[in-house]
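# Report on the structure
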Amino acid sequence: MPKPVVSESARRRRRPTKNGVVLSEDLIVRTALRMLREHGSAGLSVRRLGIALGADPSTLYRYFAGIDDLTLAIGDMLIGRAMDGWHGTGDWRADLRELGLRIHAAYLEHPQAAVLTASRISGKSHEIAADEAILGLLRGAGFPGRDAVRVYHAFIDMTLAFAALDAASLALPEQARRADEEMWQATYARLSPATHPNIAAVAPLLVADMNDSAYPAALDMLLASAAPWDCERNGSAGDE
């Protein structure tokens with residue numbers, strides 16, 4: 001059974017590890033992020049993390065209940081990095097767009113971690129702060145409660161889905177990723193108009209566009225389609 005998690009203040013009083021560092025949740029999560037980048041999810045274990053930190057692996061259970069708890073903390077750190085320095089401007093669409101792009105970019109900086117965490121709900125501080133900010137923008141723009149939740153749900157799920165999709169591509173071995181990227185030119189651009197008239201008609205555009213993320217365009221479509229006055233016209237009221 002995992003050891004009980006102790007308070008952060010109690011942990012800080014502990015002596016340095018063999019590597020001369022004092023353990024903290026932040027240090028452990030940052031080390032785990034580095035290990036994921038270097039070795040992928042298969043390379044992340046309590047034993048390997050303990051070695052990287054110069055600590056007995058069992059010590060890590062004083063900070064996290066296990067690898068799954070650490071995984072949630074990794075996802076929360078990515079959200080925190082996305083939120084760092086963000087301030088609303090009063091333009092709800094522009095603010096949501098910036099938040100979405102920040103979250104997407106934060107995950108793509110750590111593609112292996114993104115694949116591991118994008119589908120998870122941590123319930124931790126940075127995630128909660130992001131949700132509070134997004135819902136605040138929508139409610140402040142005049143969306144009734146039910147519609148604020150509907151737009152929030154579409155916004156955050158789309159953002160994390162694209163983050164996971166794009167991160168999965170970045171996490172591929174270099175040879176496989178390059179082969180995927182070249183497929184548009186090597187195969188699609190060579191299809192005959194006689195057999196594939198629609199693809200052939202736009203083949204140069206596919207080659208130019210398909211290796212870039214569709215997230216910014218999808219985000220703009222979502223934000224353009226969402227309007228609080230549409231919600232009012234459709235009969236939503238108050239914070240039902």
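For every chain, the first residue of its written sequence is number 1, and the numbers climb from 1 along that sequence. Per-residue local features are limited, in this predicted model, to residues with pLDDT of at least 70; the limit for side-chain atom pairs, both in listing and counting, is 80 or more; totals at the level of whole chains, interfaces and linings are taken over all residues. Only hydrogens and water are removed before side-chain values are computed, so all heavy atoms of the structure are retained for them.

### Quick word on the UniProt feature "DNA-binding region" (unreviewed entry) in the protein
Basically, it comes down to this: UniProt positions are given in the numbering used here, feature names are shortened, and annotations may be inferred rather than shown by experiment. Helix and strand assignments come from DSSP, with helices taken as H or I runs of at least 4 residues and strands as E runs of at least 2, each series counted from the N terminus.
Mapped onto this structure's residue numbering, the UniProt feature "DNA-binding region" (unreviewed entry) falls at residues 45-64. Summarising residues 45-64: 40% helix, 0% strand, and an end-to-end C-alpha distance of 13 Å.

### As for the nonpolar core
What counts is decided by this rule: Only buried residues count toward a nonpolar core. Its members are Ala, Val, Leu, Ile, Met, Phe, Trp, Tyr and Cys residues joined through side-chain atoms within 4.5 Å. The buried label applies to any residue whose accessible area, calculated with a 1.4 Å probe on protein chains only, is under 20% of its type's maximum; exposed applies above 50%, and partly exposed to all values in between. Note: domain ranges come from an automatic or database domain assignment. Between two residues, a contact is recorded if the distance between any of their heavy atoms is within 4.5 Å.
In terms of nonpolar packing, the biggest core is built from 56 residues, with Ile28, Ile74, Tyr107, Leu138 and Phe155 touching the most fellow members. Elements supplying a minimum of two residues to this core: helix H2 (25-39), helix H3 (46-53), helix H4 (67-83), helix H5 (92-108), helix H6 (111-117), helix H7 (125-140), helix H8 (145-170) and helix H11 (215-225). Per-element accounting of this core gives the leading share, ten residues, to H8. In terms of domain composition, this core takes at least three residues from each of domain 1 (8-65) and domain 2 (90-235). Setting aside anything within four residues of it in sequence, one finds Tyr107 in contact with Gly75, Leu78, Ile79, Ala114, Thr117, Ala118, Leu160 and Ala163.

### Some remarks on the packing of H5 against H11
To be explicit about the condition: Between N-to-C directions, angles cover 0 to 180 degrees, with each direction set by a line fitted to C-alpha atoms, over the stretch in contact for helices. Note on angle classes: values under 35 degrees are labelled roughly parallel, values over 145 roughly antiparallel, values of 65 to 115 roughly perpendicular, and the remainder oblique. Throughout, a crossing is termed right-handed when the near helix is turned clockwise from the far one, and left-handed when it is turned anticlockwise from it by less than a right angle.
Between H5 and H11, whose axes approach to 10 Å, the crossing angle comes to 150°. Classified by the interaxial angle, the pair formed by H5 and H11 is roughly antiparallel. You can see that H5 and H11 cross each other, and the crossing is right-handed. Where H5 abuts H11, its residues Trp92, Arg93, Leu96, Arg97, Gly100, Leu101 and His104 lie against Tyr215, Pro216, Leu219, Asp220, Leu223 and Ala224.

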